[in-house]
Amino acid sequence: MALWFKKAQQGPAEVTIDRIADHFDEVEYNYDRQESGALSAIFDDVLLFVGIEDNWFRVTGVRWDIPLPVERGEEMIGWLNSYMAETRFGTGTIELDENNGRYDLSFAVVFTVAEGLYDDQLRDFLAAGMGCVIDGVKQFCERFEIPTMED
């Protein structure tokens, strides 16, 4: 009986959006490819984007059109600053959309991948980045008692 083994990776490989998509396919994640080339998916009711740009690998979680009055902007920013000061990594931003008068939340984690990554490193980076941004969005939504996804 012949046994087939996956050939061991010889060194870190370039991180590409196709390589990330291959990983998503392997673990059976549902995702879409955006016109920008980024991948988008919903995990644990949080909309995520995963992309590569200039040797930077970015995972972003978002909550658009936050259903809170503009007057609560300072409170949201204050909570976000406190949360980021106490968390491991990731950057959160709140921006007022002037067109609709609602706030948009974004949590992002960025990793440098100029030297490439081994397969296990890529999996770890994805898991860490996705976990961080999902947690940030969910914590925010829980604190302000809003759903993680738009209605």
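Residues numbered from 1 in each chain as written. Predicted model: local features only at pLDDT ≥ 70, side-chain atom pairs only at ≥ 80, totals over all residues. Heavy atoms only, no water.

S.K.: Outline the overall build of the protein, supporting the account with residue identities and numerical values.
M.R.: Looking only at helices and strands, the protein features 3 helices and 6 strands. Of the regular secondary structure in the protein, the N- to C-terminal order runs α-β-β-β-β-α-β-β-α. Each principal axis of the C-alpha distribution contributes one length, and for the protein these read about 70 × 30 × 30 Å. When burial is assessed residue by residue, the protein has 37% of its 151 residues classed as buried. Summarising the internal contacts of the protein: among those between residues at least 6 apart in sequence, 62% fall at separations of at least 24. Put simply, the protein shows about 9,400 Å² of open surface, and 47% of that area lies on carbon and sulfur atoms. Across the protein, the mean location of the 12 positive side-chain charges is 5 Å away from that of the 30 negative side-chain charges. (Helix = DSSP H or I, 4+ residues; strand = E, 2+ residues; numbered from the N terminus. Buried < 20%, exposed > 50% of the residue type's maximum accessible area, 1.4 Å probe, protein only. Contact = heavy atoms within 4.5 Å. Areas by Shrake-Rupley, 256 points an atom, 1.4 Å probe, with all protein chains shown as cover. Lys, Arg positive; Asp, Glu negative; His and termini not counted. Charge placed at Lys NZ, Arg CZ, Asp CG, Glu CD.)

S.K.: With reference to specific residues and values, describe helix H3 (residues 119–143).
M.R.: When the terminal C-alpha atoms of H3 are compared, their 36 Å separation across 25 residues agrees well with the 36 Å that a helix rising 1.5 Å per residue should span. For H3, every residue scored as buried is listed here: Leu 122, Leu 126, Gly 129, Met 130, Cys 132, Val 133, Ile 134, Gly 136, Val 137, Phe 140 and Cys 141. Glu 145 lies just past H3 and shows a positive phi near 50°. (Expected span 1.5 Å × (residues − 1).)

S.K.: Describe the pattern of salt bridges, with residues and values.
M.R.: Evaluated as defined, the whole model comprises 5 salt bridges. Two residues, Asp 44 and Lys 138, come together in a salt bridge whose shortest N-O distance is 3.6 Å. With a gap of 94 residues between them, Asp 44 in the loop between strand S2 (39–43) and strand S3 (46–53) and Lys 138 in helix H3 connect regions that are remote in the sequence. Judged by relative accessible area, which is 28%, Lys 138 ranks as partly exposed. In this structure, Arg 143 engages Glu 75 in a salt bridge whose closest nitrogen and oxygen atoms are separated by 2.9 Å. (Salt bridge = Lys/Arg side-chain N within 4 Å of Asp/Glu carboxyl O.)

S.K.: Explain the packing of aromatic side chains to me, and be specific about the residues and the numbers.
M.R.: Tallied over the full model, the rule gives 12 aromatic pairs. With centroids separated by 5.7 Å and ring planes inclined at 70°, the aromatic side chains of Trp 79 and Phe 140 adopt a geometry described as edge-to-face. Taken as a pair, Trp 79 in helix H2 (residues 73–86) and Phe 140 in helix H3 lie far apart in primary sequence, 61 residues in all. There is no split in this pair, since Trp 79 and Phe 140 are both buried. (Phe/Tyr/Trp six-rings, centres within 6.5 Å; stacked < 30°, edge-to-face > 60°.)

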